[in-house]
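As a plain string of letters, each chain reads:
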Amino acid sequence: MSKEIVVSGIRSTGFLHLGNYFGAMKNYVQMQDEYNCYFFVADYHALTTHPDPKELKGNVYRVVAENLACGLDPEKVALYAQSDLPEIPELYLMLNMMAYKGELEKVPTFKDKVRQQPENVNAGLLTYPVLMSADIIIHKAVKVPVGKDQEQHIEMARNFVNRFNNRYGELFPEPYAFNFSNELVKVPSLDGNGKMSKSENVNATLYLADEDDVIRKKIKKAKTDSGPTEPNSEMPEYIKNIFLLMKLVSPQEVYDTYTNAYNDCTIRYGDMKKQLAEDMVNFIAPIREKAKDLQNNEDQLKKIMKEGAEKARASASKTIAEARKLMGINYY
Ligand code: TYM
């Protein structure tokens, strides 16, 4: 039986963090043996915020290096830059004819961007979910490992798939967001406000490139209080977040010990944060060091990206030929 197809991407807009790891990359690594995987750096998507061309390249190489450092094997997956596949913008253009202004304007991530950068509400931002759909369906993917924040975009991809199939004939399967834990993940920021992010909440986000003392400092500053006064009381959101991070990186028995201490009101948050900081350092340091090594070997990164793009183009060019045929734009 042929393997199920998986696609996912990460924008090259900054340093990767714990949210990217647990929302996306951890799943990539777990999926690489069982699935036919296409993973890419979404460099076109990064253009919506007009990055400095001098910085973009380094960011792309770093995303590739960090993906490899987390355990992706370029022999098993296609790892490439989105802009190396001209079939993606072609399919994006086709899908744009089936995407409506009204539905695009309602997308929460678009509305957020309009609020954040009212001076740069460009058409690329509006059609962001259309390009994302093209990324996914160009390989006819059925599973898309992503964090919770991308769920709605994947739902839109299903809408576009159904519109295309109904109008031109069955070509694309419906893609679904995926996480091995059965629930999509949202890794919260350390200050209790929103999620970890590449560009916002920088001091409350743990990056895979953070040095040990930076990790310790950030965790030390995480918001706590004087502790519960009633046994088994409800946790405030910011305390829940610290427990969630502990669940992600600490051994189960450590997590259980602190949960019990919370429930019987003997918890000391200072100790808990120290423990979490050490477990976090143990988790991040090997990834950071490996990514550093890989970034020092740009030739190797380029080779991996080129080979990844070749594998990905073989699949993308087949799909685009089928789409053109169904749409009647095959003349010769
Ligand atoms: P991006 O670059 O913002 O994030 C990359 C991946 O990391 C996940 N993620 C998180 N997961 C949990 N907690 C967090 N705090 C957190 N922050 C980020 C994201 O959900 C994502 O899986 N639009 C996408 C990139 C993209 C894409 C695609 C993804 C372009 N085309 C096609 C899948 C399929 C984005 O901006 O991800």
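Note that the structure is predicted; figures quoted are calculated from it, not measured.

The subject of this paragraph is the overall build of the protein. Check the secondary structure of the protein and you find 14 helices and 5 strands. Relative to the compact-globule value of 20 Å for 332 residues, the protein shows a C-alpha radius of gyration of 21 Å, a close match. When the backbone C-alpha atoms are referred to their principal axes, the protein occupies close to 75 × 45 × 45 Å. For the protein, buried positions account for 50% of its 332 residues.

With that settled, the discussion passes to unusual backbone geometry. Of note in the backbone geometry, His50 takes a positive phi value of approximately 50 degrees without being a glycine. Mapped onto the elements of the fold, His50 is located in the loop between α2 (43-46) and α3 (53-69).

The subject of this paragraph is the site of the ligand. The full set close to the ligand counts 27 residues, and Arg11, Tyr128, Asp135, Asp149 and Lys198 are the nearest of them. Taking Gly147, its main chain carries an N or O atom lying 2.8 Å from an oxygen atom of the ligand. Coverage of the ligand by the protein amounts to 98% of the 710 Å² it exposes when considered alone. Looking at the shell around the ligand, the elements that each hand over two or more residues are β1 (5-11), α1 (18-31), β2 (36-42) and α8 (128-137). When grouped by side-chain class, the residues that make up the shell around the ligand number 12 nonpolar, 9 polar and 6 charged.

Turning next to the nonpolar core. Leu18, Leu206, Phe243 and Met280 are the most contacted members of the largest nonpolar core, which totals 65 residues. In terms of residue count, helix α13 (residues 269-295) provides more of this core than any other element does, 10 residues in total. Both domains that furnish three or more residues to this core are identified here as domain 1 (5-185 + 298-327) and domain 2 (210-292). One finds Val107, Ile137, Ala157 and Phe160 within the second-largest nonpolar core, a separate group that totals 43 residues.

Right, let's get into the domain arrangement of the protein. Annotation of the protein at the domain level lists domain 1 (5-185 + 298-327) and domain 2 (210-292). Counting residues at the interface gives 8 residues for domain 1 and 9 residues for domain 2. Considering only the surface of domain 1 that becomes buried against domain 2, Leu18, Phe22 and Ala69 emerge as the three largest contributors, covering 66% of it. Where domain 1 meets domain 2, there are 0 salt bridges. Linking domain 1 with domain 2 are 0 residue pairs in polar contact (both at pLDDT 80 or more). When residues of the side of domain 1 that touches domain 2 are assigned to their parent elements, the largest contribution, 4 residues, is made by α3. In the side of domain 1 that touches domain 2, the residues fall into 7 nonpolar, no polar and 1 charged.

Each value, and the rule that gives it
Residues numbered from 1 in each chain as written. Predicted model: local features only at pLDDT ≥ 70, side-chain atom pairs only at ≥ 80, totals over all residues. Heavy atoms only, no water. Helix = DSSP H or I, 4+ residues; strand = E, 2+ residues; numbered from the N terminus. Rg over C-alpha atoms; globule rule 2.2 N^0.38 Å. Buried < 20%, exposed > 50% of the residue type's maximum accessible area, 1.4 Å probe, protein only. Near = heavy atom within 4 Å. Polar contact = N/O pair within 3.5 Å; in protein donor to acceptor, adjacent residues only side chain to side chain. Areas by Shrake-Rupley, 256 points an atom, 1.4 Å probe, with all protein chains shown as cover. Nonpolar A, V, L, I, M, F, W, Y, C, P; charged D, E, K, R; others polar. Core = buried A, V, L, I, M, F, W, Y, C linked by side-chain atoms within 4.5 Å. Domains from an automatic or database assignment. Contact = heavy atoms within 4.5 Å. Buried area = accessible area lost by both parts, 1.4 Å probe. Salt bridge = Lys/Arg side-chain N within 4 Å of Asp/Glu carboxyl O.

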